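Breakdown of the fold
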Amino acid sequence: LKWFSVAGEQGNPSAQHMVGYFYENAEVVEQNYRTALEWYVKAANQGHLESANAAGKIYDAVAAAMADQTEAKAYYEEAVYWYHQSAKNGFSQAQANLGLMFLNGTGVDKDYKKATEWWHLSANQGNARAMFNIGASYANGLGVTRDLIEAYAWMYLANGGASFDFSGEQVRVDYSPQVAQLEAALDQGSINQGRARAEEIHAQIMQ
């Protein structure tokens, strides 16, 4: 922390991000989200995409914890701003997070179509959470035409399918219950179609 702080004070954005991380996660120092945010914003203002996403997450979490959701609106809008700074420059986690903001209408007008558009950008980089959200959109007809086979393909893909590889992106959530629920609603032919579609999507992502 000492040396990251020295480098951060000299303007190194990667060091600034690490100082923010230390304060956010109570590494060596007492947890302090305000201080973490200050460091993340310093780095984000120099184009550090992970820091912009991290700043968005702090604003998002603070807003979600507020009792007065009218007061929380300004914090959600800040979260959207920082997510967008990161997402528009290709950071997949921010793209996934921004999609959720459009899904829930927090900080922006609810827009299911825009939510799926951001998730597609994130999924194209191997983000499993975005893949699952696309599947859920197809299952419920949110922003897209309802299609259970397409929904199954994306959820099967998000859950790892047949050991799908996404070049380092790891599946951190077990989506097996949701996959099983869709399988129960489909016949075997449709399941086979969904798995074939998942293979096709995987091939496109890995190009």
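The structure under discussion appears in the preceding block.
To keep things clear, this report deals only with the structure shown in the data block. These numbers were taken from a predicted model, which means no experiment stands behind them.

1. Here we look at the packing of aromatic side chains
The tally for this structure, following the rule as stated, stands at five aromatic pairs. Geometrically, the ring pair formed by Tyr81 and Trp82 is edge-to-face, given 4.9 Å between the ring centres and 80° between the ring planes. Taking the centre distance of 4.2 Å and the plane angle of 5° together, the rings of Phe132 and Tyr175 count as stacked. On the criterion of sequence distance, the pair formed by Phe132 in helix α8 (residues 128–140) and Tyr175 in the loop between α9 (148–158) and α10 (176–185) is long-range, its members being 43 residues apart. Taking the relative accessible area as the measure of exposure, Tyr175 reaches 7% and is therefore buried. Cation over ring: Lys42 sits above Trp39, and NZ or CZ is 4.3 Å from the ring centre.

2. Quick look at the pattern of salt bridges
Tallying each qualifying case throughout the model produces five salt bridges. For Glu150, the salt bridge identified is with Arg197, shortest N-O distance 3.0 Å. Highlighted residues: Glu150 in helix α9 and Arg197 in helix α11 (residues 188–206), separated in sequence by 47 residues. The network of salt bridges with shared partners includes Glu150, Arg197 and Glu200.

Analysis parameters
- Numbering of residues starts from 1 in each chain and follows the order in which that chain's sequence is written.
- Local features in this predicted model are restricted to residues of pLDDT 70 or higher, and side-chain atom pairs are both shown and tallied only at a pLDDT of 80 or more, whereas totals for entire chains, interfaces and linings draw on every residue.
- Think of the side-chain values as coming from all heavy atoms in the structure, minus any hydrogens and water.
- Aromatic pairs are defined between Phe, Tyr and Trp rings, using the six-membered ring for Trp, whenever the two ring centres lie within 6.5 Å; interplanar angles under 30 degrees are classed as stacked, those over 60 as edge-to-face, and all others as tilted.
- Secondary structure elements are taken from DSSP: a helix is a run of H or I of four residues or more, a strand is a run of E of two residues or more, and numbering for both begins at the N terminus.
- Accessible area is worked out with a 1.4 Å probe on protein chains only. A residue is then buried under 20% of its type maximum, exposed over 50%, and partly exposed in between.
- We call a charge positioned over a ring when the NZ of a Lys or the CZ of an Arg lies within 6 Å of the ring centre and within 35 degrees of the ring normal.
- The working definition used for a salt bridge is a side-chain nitrogen of Lys or Arg within 4 Å of a carboxyl oxygen of Asp or Glu.

Honestly, that's just the spatial picture; any functional story needs more than this.
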